[in-house]
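Each chain is listed here by its residues.
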Amino acid sequence: QVQLVESGGGLVQAGGSLRLSCVVSGTSLSLNTVGWYRQAPGKQREMVAQISSTGSTNYPVSMKGRVTISRDILKNTVYLQMNTLKPEDTAVYYCNTNGVRFGRPFDSWGQGTQVTVSS
């Protein structure tokens, strides 16, 4: 089975930084796109960053310049580096990957990690 486990969230003051980790099992990072998403109370889920099977990155305009997504193939881990954090970055952050494994489609999400930015 494809599974993802997030970690690295916590409480940080405005202007600080955090690095989130997503450990992926059951598939190769060289075969699938992995994305980071977040959801704050009362708001819709939004995409924060994506990294493709070839290592190409994608960011929404609102996030570009403050976040960096990267991966470690040997550790099967995707990272999200967030800098200059703001209170509006407070949310539960999830990682996701989907594709086809052994001829069967999958769409897997992690349990989420809480990020809280104080002023």
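Scope of this entry: the structure provided in the associated data block. Residue numbering note: each chain is counted from 1, following its sequence as written. The predicted nature of this model means local features are confined to residues of pLDDT at least 70 and side-chain atom pairs, given and counted, to a pLDDT of 80 or more, with totals for whole chains, interfaces and linings taken over all residues. The side-chain values count all of the structure's non-hydrogen atoms but skip hydrogen atoms and water molecules.

1. Overview of the environment of N32
Next, step 1: Under the scheme used here, helices are H or I runs from DSSP no shorter than 4 residues and strands are E runs no shorter than 2 residues, and both carry numbers assigned from the N terminus. With respect to the helices, strands and loops of the structure, N32 is situated in the loop between β3 (18–25) and β4 (34–39).
Next, step 2: Between the C-alpha atoms of N32 and V100, which are 68 residues apart in sequence, the distance is 8.8 Å.
Next, step 3: Excluding anything up to four places from it in sequence, N32 contacts T27, I51, S52, S53, T97, N98, G99 and F106.
Next, step 4: In the analysis that follows, any N or O atom pair within 3.5 Å is treated as a polar contact, provided that within protein one partner can donate a hydrogen and the other can accept it, and provided that, for residues neighboring in sequence, both atoms belong to side chains. At 2.6 Å, the side chain of N32 and the side chain of T27 are in polar contact. Contacts: residue pairs with any heavy atoms within 4.5 Å of one another.

2. Considerations on the environment of L85
Next, step 1: Along the chain, L85 falls in the loop between β8 (77–82) and β9 (91–101).
Next, step 2: What L85 contacts, discounting residues up to four positions off in sequence, is V12, A14, G15, G16, S17, L18, R66 and V117.

3. Here's the deal with the nonpolar core
The tendency in soluble globular proteins is for nonpolar side chains to be buried as a group.
Next, step 1: The term nonpolar core refers to a set of buried residues drawn from Ala, Val, Leu, Ile, Met, Phe, Trp, Tyr and Cys, joined through side-chain atoms within 4.5 Å. Per-residue accessibility, obtained with a 1.4 Å probe over protein chains only, is compared with the maximum for each type, and a residue is labelled buried under 20%, exposed over 50%, and partly exposed between these values. Of all hydrophobic cores here, the largest spans 28 residues; its most connected members are W36, V78, L80, M82 and Y93.
Next, step 2: Residue assignment for this core shows that the elements contributing at least two residues are β3, β4, β5 (46–51), β7 (67–72), β8, β9 and β11 (113–118).
Next, step 3: The element that contributes the greatest number of residues to this core is β3, accounting for 4 residues.
Next, step 4: In contact with V78, not counting residues within four places along its chain, are L20, S21, C22, L29, V34, W36, I51, I69, S70 and R71.

4. Side note on the pattern of salt bridges
Next, step 1: The working definition used for a salt bridge is a side-chain nitrogen of Lys or Arg within 4 Å of a carboxyl oxygen of Asp or Glu. This structure, assessed with the given rule, holds 3 salt bridges.
Next, step 2: As a salt-bridge pair, R38 and D89 come within 3.0 Å of each other at their nearest N and O atoms. Separated by 51 residues along the polypeptide, R38 in strand β4 and D89 in the loop between β8 and β9 bring together distant segments of the chain.
Next, step 3: Classification of R38 as buried rests on a relative accessible area of 7%.
Next, step 4: Overall, the relative accessible area of 1% leaves D89 in the buried class.
Next, step 5: Put simply, R66 and D89 hold a salt bridge, and the shortest N to O gap is 2.8 Å. With R66 in the loop between β6 (57–58) and β7 and D89 in the loop between β8 and β9, this pair connects stretches of sequence that are 23 residues apart. You'll find R66 and D89 in the same group, each marked buried.
Next, step 6: Three or more residues joined by partner-sharing salt bridges are found here, namely R38, E46, R66 and D89.

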